[in-house]
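If you want the building blocks of each chain, they are given just below.
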Amino acid sequence: MNAFMKKVYEIVSRIPKGKVATYGQIAALCGNPRAARVVGWAMRHAPEHLALPCHRVVNQSGRLAPDDVFGGQHIQREMLLQEGIPFRENGCIDIKKCLWIPGQSDRMVP
DNA sequence: CGCGTGACGTCTC
DNA sequence: CGAGACGCCACGC
């Protein structure tokens, strides 16, 4: 477990409810904008005791994880829906409307 | 140290 | 918008 992975877990754990982050975004926050794949790898091998909100992490297109990860995309979709994440009709989330911007955190603007 | 792998990202067609 | 190709980086062997 190197510093990068550690930061990945730390950042993911800071994603506020109702917001989502992209792999590339997390990788960039860790200092490696091109390590998006590693972020995905980190999620797959994430220690359970960290209780990471990995369902709030999606790719740039707003696509969810493959079916064999959460036990089906519908599981992840349900969790996101409960948090108020808007979904599109094609099964992807509206990434532009719920993207997490570090610093804004939980500050909501009416 | 090289090679294969992957929950990615961007570009083309 | 879907599919393919290429680059990228950490990990396991």
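So, here's what we can say about the structure. (Residues numbered from 1 in each chain as written. Chains lettered and ligands numbered in written order. Predicted model: local features only at pLDDT ≥ 70, side-chain atom pairs only at ≥ 80, totals over all residues. Heavy atoms only, no water.)

## Observations regarding the overall build of chain A
- In terms of regular secondary structure, chain A is built from five helices and two strands.
- When the helices and strands of chain A are read in sequence order from the N terminus, they spell out α-β-α-α-β-α-α.
- Computed over the C-alpha atoms, the radius of gyration of chain A is 13 Å, within 12% of the 13 Å expected from 2.2 N^0.38 for a compact globule of 110 residues.
- Summarising its shape, the C-alpha atoms of chain A cover approximately 40 × 35 × 25 Å along the three principal directions.
- Within chain A, counting contacts between residues at least 6 apart in sequence, those at least 24 apart form 62% of the total.
- On chain A, roughly 7,100 Å² of surface is accessible, and the fraction owed to carbon and sulfur atoms is 50%. (Helix = DSSP H or I, 4+ residues; strand = E, 2+ residues; numbered from the N terminus. Rg over C-alpha atoms; globule rule 2.2 N^0.38 Å. Contact = heavy atoms within 4.5 Å. Areas by Shrake-Rupley, 256 points an atom, 1.4 Å probe, with all protein chains shown as cover.)

## Examining the protein's contact with DNA strand B
- Taken together, 15 residues form the shell around DNA strand B, and within it Tyr23, Arg37, Arg44, Asn59 and Gln60 come nearest.
- Atoms of DNA strand B within 4 Å of the protein belong to the sugar or the phosphate in 40% of instances, the rest to bases.
- Tyrosine 23 is positioned with one of its side-chain polar atoms (N or O) 2.9 Å from a base nitrogen of DNA strand B.
- Methionine 43 is positioned with one of its backbone polar atoms (N or O) 3.2 Å from a base nitrogen of DNA strand B.
- Those elements giving two or more residues to the surface near DNA strand B turn out to be helix 2 (23-29) and helix 3 (36-44).
- Considering only residue class, the surface near DNA strand B consists of eight nonpolar, five polar and two charged. (Near = heavy atom within 4 Å. Polar contact = N/O pair within 3.5 Å; in protein donor to acceptor, adjacent residues only side chain to side chain. Nonpolar A, V, L, I, M, F, W, Y, C, P; charged D, E, K, R; others polar.)

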